[in-house]
Each structure stands twice: as C-alpha cells, then as structure tokens.
Amino acid sequence: MSHAASMGPVTLVRHGRIGLLCIDHPPVNALSVATVAGLDAKVAAFEADPALDGLLIWCAGRTFVAGGDIAQFDAPGFDAAPYNRILARIEASERLVVAALHGTALGGGLELALACHYRLALPGARVGLPEIRLGLLPGALGSQRLPRACGAALALDLMLSGRMLDAEAALRAGIVDALATGEPLAAGLNYLEDLLDRRAPPRRLSALPASTAGLPADFFSQALLRARQEQARYPAAAAIVRAVEAAATRPFAEGEALEAALLASCVVSPESRALRHLFLAERQAARVPGVPAGLLPRVLHTAGVVGAGTMGRRIAMSLADAGMPVTLVEASGAALAKGLASVRARYEADAAAGRLRPEQVARRMGLIAGTLDYEALAGCELVIEAVVEDMALKQQVCGRLGRLCKPGAIIATNTSTLDVEVLAEASGRPADFAGLHFRNPANGGRLIEVVRGSATAPDVLVTAMQLARRLGKVAVVCGVCFGFIGNRMAEAYLRESEFLLMEGVSPVRLDAVMEACGMAMGPCRMLDVAGIDVSAKIVLEYGKAGGLPPDPAYRAVVRTLFRLGRLGCKSGAGLYRYPGGAAVADPEAERICRALGRAHGIARRTDISDAEIAERLLYPLVNEAAKLLEEGVASRPGDIDMVWTAGYGYPDYLGGPVWQADSIGLARIVAGLERYARLRGNPYDYWDVSPLLATLARGGQRLSDWVAPRPEAGAAPIPSAPGSAARPAGQGRIHPGPKPPQSVH
Ligand code: 3H9
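Residues numbered from 1 in each chain as written. Predicted model: local features only at pLDDT ≥ 70, side-chain atom pairs only at ≥ 80, totals over all residues. Heavy atoms only, no water.

Further remarks concern the domain arrangement of the chain. Partitioning the chain into structural domains gives domain 1 (10-267), domain 2 (303-478) and domain 3 (486-698). Look at where the C-alpha atoms of domain 1 and domain 3 centre, and you get two points 46 Å apart. (Domains from an automatic or database assignment.)

Set out below in structure tokens:
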C-alpha cells in the first residue's frame, strides 16, 4: 500500500492501479456529517487521480455502512441531496467502482453499494432497506436503484417489511454480483482486479429498467390500497409504494425527484420522529447507569426455572429457543407433566404452522429437562423462580435456591409486582439476586424488566442484559417498587378503567376507545387475556402488604369477577364472554360493574365522552411515569417508553407514553389531572400531580428531555435502586398515605 490521502473516518490509499476507499467510523460506519464529507473528498481524490483504474469501497470494523446516522435526521434542514450527488458521481465514473460488503449493508449503506458498478458480498453479509422501521423511505435512491437490481416486486417487499436478505439470497436476487470468502479488503481487491482483467464495463443501475415481469396491471394500485388500509398509521408505507411505482414506470430523474419529496415529508412526520426516538431509546436502555462500560458478564451456559406454570414453562421455552439447556423443576409430577406437555404442544403447533422444522422441535424439547429434584439446579449458572405470585411461597423458594445454587450463580425472580428486596433478602445472597420480569407470553413477548435490588451486583445486571439480547428481547433496568415500571403504571390505567366501568361505560366501548388511541388491546380484553385471577391476586397480595389505598371501590371489578369465578378467556367469561373462543359483549359483566358502582356509591353517568375515557386512562399513566422518574425507579424517560411499547401494546408510532405526553403538552395533561381531581374527588390522592410533571409543565419543558440528577461526588459508583427499606414513605406505592375523608365519587 502507498500513501494515505489523509486521516478521518474515510481514507483513500493507492494500491497499484486500484484506489482503496475505506470507511472507518465505529460502531457501524453510519453516515455522519463527517463520513459524508470524507466520502465526498475521497471520491474527488479518486476522480482527480488518473493513475487509478478502479476504486474499491470497503469498510473497517464489524460491518459495511449500516445506514444514515439516525441521530442526524433531527438536524435542522436535514437534506440527503449532498449524499445523493456523491452517489451519482460514483455511478457516473468511467472507471470501475466496486463495493465489498460484510456485516449489515443497510439503508444508506446499501444505497452506496447500489451506486457502485458491482457488489461483492462476504459470508454472513446481509442487505436491506429497513427505513420503514424508522418511518422513512429510502432516501438515497434506494427506492429507485433496488427495483432496477432485483425487480419491483421483491424491492417493494423488502422496503415495506424492512427485512434483510442474506448474501446468498441477495446474489440470487441480483442485488449483489458475487460472493467470496475472506476479509473485505483482500476479497474486494481480488474481485476488482479480476473485473479489470476481464475488462468488465461499468454497470449503472440507474440506466436499467425495473422489472415488473409477471405483475398484474393493478399491482401498484392494489399495493397502495393495502398500504393505506393495513399500514395506515405508518405513512412511509404508502410513500414507498409510490416511489417504487415511479421506479418501474418513470425515468430515473422523475423517480429521484419524487423520492426526495416523499423523504422530506416523512422525515418531519410525527410517526418517524417517534420511531427514531424508540430506536435510540432501545440502545440507550442497554446502558445501565452506574455500571462501568466493559464490565464482563458472568458465565452463563445453563439455566434453571422453578415452576412449570404458564410463566415458568414459557421462560423455559424462551431459553431453549436461544439454544440454552434448561432444567425445569416442579413440585408435583402432575404439574410437571402438564407443563412439559404444554411446551411440546406449542412447539408442535409451531411446526404444523411451518414456523419450526420437526428437528428444531426435537432439539428444543431435548434442551428442556423436567425434574422434581431441586438438587438438579445446583449446577445451573442462572435460576429463575416462576412460582405463583405468593410472597410467602416465593420467599421459601428463594431461600432454598440461595442455599442450593453454586457460588456465583444468579438467582432471579419473575415476580411481576412483589418486593424484590424482600426476596433478595430471603435468598441470603442479595448480590447475586435480581428480578427478571418476563412480559407474558415469556417466549413471544419482547420485554424483560430487569429489577435491580439495592445489593444487586453490577455484573449480574450486565449478565441479565446480555441474556435478554441473546433471547432477542429488550431489557430495561429498573429499581424496586410495586409493579416496577410496567405494572405500576398499568395499575393506574386499570384503576381508572374499572371506575369508568362502574360509572356505566361498557367494556366494549372502553376497549374501542383505547384501541382507537392505538393500544394493541383495550384494557378489558387485556384483563381477560392475562387472566382476571392474575390481576386479582396481584391486588389481593398488595393489599396484604399494606400497599392499597383504603378505598373499598379500588379494583373492585377484578376482585368481584375473581370471586365469581369469571377468570377471563380461560374460564369462558370475564368482562366478555367467549363462546367458541371469540370475545362477545356480555350483559352480565356490565350488570356486575353497574351493581358494583351502586354498591360503592359511584354515580352512573351517561355523559362520558370518548375524550374523557382516553384522558382518564392516559393522563394517570403519564403522571405515574413522572413519579417513577422522580423516585429513581426508572432511570430515563426513554426506558418507560421502551417498557410500554415493547411490553404493553402501546403504539410505537406514538413513541410511548412519555413521548406522546410531550406531543400532547405537559400543561394540558396537568390541567386534565386537576380537572378530573375536581370532577371525581381526590380522597385517595389518585389525581395528585407529580411535582416533576408540574414543574416541567410550568417551565414549558419536555418530560422526554428530563435527565436524572447525577449522583453527588463521592457517592458509590453503583447507585442503589430505591429499595423498600430506604424508600421514603409513600414512594413506590399505589397509595401514598391516608388522607381525611372527602366526598367520594
Ligand atoms: C437511512 O439509512 C436513510 C437513508 O435511506 C438515507 C440516508 C441519507 N445510525 O443495534 P446495535 C448504533 S436510515 C446511528 O446495538 P447490533 C447504535 O445506536 C438508517 N447509529 O448493534 C449502537 O450505538 P451504541 C437505515 C447507529 O449489532 C451501535 O450502533 N439503517 C445506526 O445489534 C450498535 O447498534 C438502519 O435502520 C445508525 N443507522 O445491530 C439500521 N445503526 O453502541 C439500524 C446502529 O452507542 N441499525 N447504530 O448504543 C440496526 O439495525 C442495527 O443497529 C445493526 C447492528 C443491525 C446495524
């Protein structure tokens, strides 16, 4: 190699007759302003060097360019045009330009490769245009060049789904031209030398037609209709269809102009802003405050699960799905047999639906070893208890695990609401202890709340985060309080849902309003699906721990339905009836709710608007989120949005409850909370406004921008999460303390 043209994220060196342009911008070579400027300068240097016969574009590190820099789409006046002009110069070059792809060539990265004359892919390379996941369409001519490489139908499918193709599939599709083994630099160099020797001509995608062979005449109009109906909340979908149609039916320059116009509107759309926020929040959640970067996780090869009930067996499946051997312990042979049979039935159903191959079913079943012998857990590096939500039983199980597990093993509880500090104490090994709250269904859901006790060791947290990644889930670390982030907020949401039911709103209407707000499932269906008994037991258990408000009407609906044996879907009736499995309105459930309202002196109202329903459910959610931040249970506003979008069906295009609160305006939310306190009375402090929320609202600030105060100098490097012992009175409780009685309801 000879001279390096200059240092920076992009370098150009001459290697004989070939220019080697390298992008080196860790972690994923995203197209920052500096990278684009570097690319511009180095392409110009290549253009100005007559001694070079060809240019190889390759990347250092783990991947080819993974796309535009997501943080920079928010910069005022963001414009893809300068980048596109560079790509046009690359494509127009009379001398060959080749891209060597490894890792993930995504978005603006694949668009760079598509501007080159030929593309080589290395083993493991994957390509895609995932912009739709950020509410965008490809903005560097991907919508125009990809259909010309692989045909309009596949290009449209890739852009609408955001899915990636592996190197072999990309070769078959015509997106890459060759495969090779080895390192990108050496393999790319060989490939380009070979092309030069063979005098291969520059191949410019913009000059080729986009194949529509075999597509019906109304292909694009139908696709547009579907995008507008099925992906109505994602405007980028319709934009993608229009751009690909232009690629297939109009000259390149016209498609280029259309893509630019569509990108400009998508970039500023609220949906794209929300989705970009979530992308960054998800990565941010992986950084645990107070845990030093680079801290190594504990070794984790084998896991144990105690309890083969709904949660336990699904956690075992989730671990086995990721290839981890699991020991599943039950107390009785019958319960174990039932649990294992259910696991097998689920895997076989997946196989019947074509989601698993028979050998995968066999392998996963082979990884789950059921036993009645607790001693079998002694060799596991992680044991998760998933017995029923009963504090006394869980304390007993955690104590037993503490005595039995090998030194250094992590002991975890899957409790959804109980005090993790108490269970950590019961284990006798609080440093090895954490909560791992898998959101139901544990094997399908995306969320794990990692609950950090006051003594949880930092490497336990790192191991839990790494495990979540291995299981393909999003982990959010939170402190200890009733219900952690998700269920604590859900409690406020369900409390108001039940009051509305008792005031005469039907379950069908309540759900319809919340589903129109974008929730994947309304609160009544959610209760029925999760099991009325599950919710009722949580309330009863929390009552035993003294955490409930002294309000006899509090969650009276689930407590009563539970008593009546109306357990939701599982028993055929809850807030709905389920003849043949599908939910239908149930006049009996409405009658029960109305009777409860009368019994508790709650006035029946006929003037409740849809807006009131939405506000009474969503504003307390935001208020609770602010309290979680104040108390330090949640470290960042984005963590709360991740919990609710990944685990509670909150629509991602709204960015999560905190992000949406800022769109609504905090002052409006505070005024709403105060209004409902007057309307409903506030004897149990349900409507007390979080001081943080009130302060930010007064100052016209955003809750999403709130940053926790740094620990004071000299404080322990790993700040303790607020534990029950150290928690000031009222914090982390549904009810902060008794208040003199006032007019109720
Ligand atoms: C686009 O390209 C528009 C164009 O059409 C027009 C352009 C002009 N930007 O996920 P990971 C960071 S839109 C900035 O944990 P993995 C990420 O934040 C873009 N940063 O790793 C994290 O940082 P940190 C189209 C990015 O191995 C680190 O890289 N492209 C970007 O599990 C590691 O990320 C996409 O949508 C980015 N584009 O997965 C691809 N990408 O360590 C989005 C990553 O500080 N990215 N980072 O927390 C991905 O899908 C995954 O990150 C990837 C790696 C598969 C690349």
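Read on, since the account is not over.
A few words on the site of the ligand. Neighbouring residues of the ligand: 26 residues in total, closest Arg62, Gly68, Glu131, Arg287 and Arg469. Measuring from an oxygen atom of the ligand, one finds a side-chain N or O atom of glutamate 131 at 2.6 Å. Side-chain polar atom of arginine 287 to an oxygen atom of the ligand: 2.5 Å apart, as the coordinates give it. For the ligand, the accessible surface in isolation is 1,000 Å², of which the surrounding protein chains cover 78%. Looking at the shell around the ligand, the elements with two or more residues in it are β5 (104-106), α3 (108-115) and α11 (270-285). Grouping the constituent residues of the shell around the ligand by class yields 13 nonpolar, 6 polar and 7 charged. (Near = heavy atom within 4 Å. Polar contact = N/O pair within 3.5 Å; in protein donor to acceptor, adjacent residues only side chain to side chain. Areas by Shrake-Rupley, 256 points an atom, 1.4 Å probe, with all protein chains shown as cover. Helix = DSSP H or I, 4+ residues; strand = E, 2+ residues; numbered from the N terminus. Nonpolar A, V, L, I, M, F, W, Y, C, P; charged D, E, K, R; others polar.)

On to the sheet that holds strand β7 (residues 126-128). Across the sheet, which stays open at both edges, the 3 strands sit in the order β5-β7-β8 with mixed pairing between neighbours. The two strands at the open ends of the sheet, each matched to only one other strand, are β5 and β8 (165-166). As paired elements, β7 and β8 share 2 bridges and run antiparallel to each other. Within the sheet, the bridge partner assigned to arginine 126 lies in β8 and is aspartate 166. Sheet strands touched by α3: β5 and β7. Its angle to β5, the strand with the most contacts, is close to 85°. (Pairing = 2+ DSSP bridges. Contact = heavy atoms within 4.5 Å. Axes fitted to C-alpha atoms, helices over the stretch in contact; angles between N-to-C directions.)

On the basis of which strands lie adjacent, the open sheet formed by 8 strands has the order β12-β11-β10-β13-β14-β15-β16-β17 and mixed pairing. In this open sheet, the two edge strands, each paired with only one partner strand, are β12 (368-371) and β17 (474-478). Strand-to-strand, the axes of this sheet are offset by a mean angle of 25°, without reference to chain direction. With 4 bridges joining them, strand β10 (residues 303-306) and strand β13 (residues 382-385) adopt parallel strand pairing. The residue bridging valine 306 from the neighbouring strand is glutamate 385, located in β13.

With that out of the way, let us pick up the side chain of arginine 495. For arginine 495, the position within the fold is in helix α18 (residues 486-502). On the accessibility criterion, arginine 495 (5% relative accessible area) is buried. Those residues in contact with arginine 495, other than ones at most four positions away along the chain, are Tyr554, Arg555, Pro620, Tyr686 and Trp687. (Buried < 20%, exposed > 50% of the residue type's maximum accessible area, 1.4 Å probe, protein only.)

As a further point, take the UniProt feature "domain: 3-hydroxyacyl-CoA dehydrogenase C-terminal" (unreviewed entry) in the chain. Within the UniProt annotation, "domain: 3-hydroxyacyl-CoA dehydrogenase C-terminal" (unreviewed entry) is assigned to residues 483-578 and 613-697. This span, residues 483-578, is 58% helix and 2% strand, and a straight line between its end C-alpha atoms measures 29 Å. Helix makes up 71% of residues 613-697 and strand makes up 0%, while its end C-alpha atoms are separated by 22 Å. (UniProt positions renumbered as here; feature names shortened; annotations may be inferred.)

What follows concerns helix α10 (residues 252-267). Taking 1.5 Å as the rise per residue, α10 with 16 residues should run 22 Å; its terminal C-alpha atoms sit 22 Å apart, in good agreement. Along its buried surface, α10 packs onto α2 (81-92), α4 (142-150), α9 (235-249) and α11. (Expected span 1.5 Å × (residues − 1).)

Turning to helix α25 (residues 637-647), a few remarks are in order. α25 sits mainly inside the fold: 11 of its 11 residues count as buried. Within α25, the full set of buried residues consists of Pro637, Gly638, Asp639, Ile640, Asp641, Met642, Val643, Trp644, Thr645, Ala646 and Gly647. Phi turns positive, to about 75°, at glycine 649, one or two residues after α25.

This brings us to the nonpolar core. Ranked by size, the top nonpolar core spans 102 residues in total, and within it Leu401 and Leu703 carry the most contacts. Here this core takes 11 residues from helix α24 (residues 610-631), the largest share from any one element. Taken together, domain 2 (303-478) and domain 3 (486-698) each give at least three residues to this core, which thus spans both. Formed by 76 residues, the second largest nonpolar core is a distinct cluster that contains Val10, Cys59, Ala125 and Leu258. (Core = buried A, V, L, I, M, F, W, Y, C linked by side-chain atoms within 4.5 Å.)

Here we come to the pairing of strand β3 (residues 54-59). In terms of burial, β3 is a largely internal element, 6 of the 6 residues being buried. The alternating pattern of β3 places Gly54, Leu56 and Trp58 on one face and Leu55, Ile57 and Cys59 on the opposite face, and all of these are buried. As defined by bridge partners, strand β2 (residues 18-23) adjoins β3 across 6 bridges and the pair is classed as parallel. Residue pairing across strands places isoleucine 18 opposite glycine 54, the latter belonging to β3. As for the winding sense of the linkage, the β-α-β connection from β2 through helix α1 (residues 33-47) to β3 is right-handed. Handedness of the crossover joining β3 and strand β4 (residues 96-101) through α2: right-handed. (Right-handed = clockwise from strand over helix to strand, strands pointing away.)

Further remarks concern unusual backbone geometry. Cis geometry marks the peptide bond from proline 26 to proline 27, where omega comes out at 5°. With respect to the helices and strands, the residue proline 27 is situated in the loop between β2 and α1. For arginine 199, which is not a glycine, the phi torsion comes out positive at approximately 50°. Relative to the helices and strands, arginine 199 is located in the loop between α7 (184-197) and α8 (219-230). A relative accessible area of 73% means that arginine 199 is categorised as exposed. Notably, phenylalanine 484 is not glycine yet its phi reads approximately 55°, a positive angle. Here phenylalanine 484 lies in the loop between β17 and α18.

With that out of the way, let us pick up the environment of alanine 45. Within the secondary structure layout, alanine 45 lies in helix α1. Look at alanine 45 and you get partly exposed, because its relative accessible area is 28%. Taking the C-alpha atoms as reference points, alanine 45 and leucine 12, separated by 33 residues in sequence, lie 8.0 Å from one another.

Quick look at the packing of α24 against helix α26 (residues 657-664) now. The contact between α24 and α26 brings their axes to 10 Å, and the two run at 115°. Here α24 is positioned roughly perpendicular relative to α26, judged by the angle of their axes. Seen along the crossing, α24 lies across α26 with a hand that is left-handed. From α24, Leu618, Tyr619, Leu621, Val622 and Ala625 reach across to α26, where they touch Pro657, Val658, Gln660, Ala661 and Ile664. Across the contact of α24 with α26, the residue classes tally to 9 nonpolar, 1 polar and no charged. (Parallel < 35°, antiparallel > 145°, perpendicular 65-115°, else oblique. Left-handed = near helix turned anticlockwise from the far one by under 90°.)

With 6 of 6 residues buried, β4 is to be regarded as a mostly interior element. Both faces of β4 are covered, namely the face carrying Leu96, Val98 and Ala100 and the face carrying Val97, Ala99 and Leu101. Bridge analysis of β4 against strand β6 (residues 118-121) gives 4 bridges, and the strand direction is parallel. The residue of β6 that forms the bridge with alanine 100 is leucine 120.

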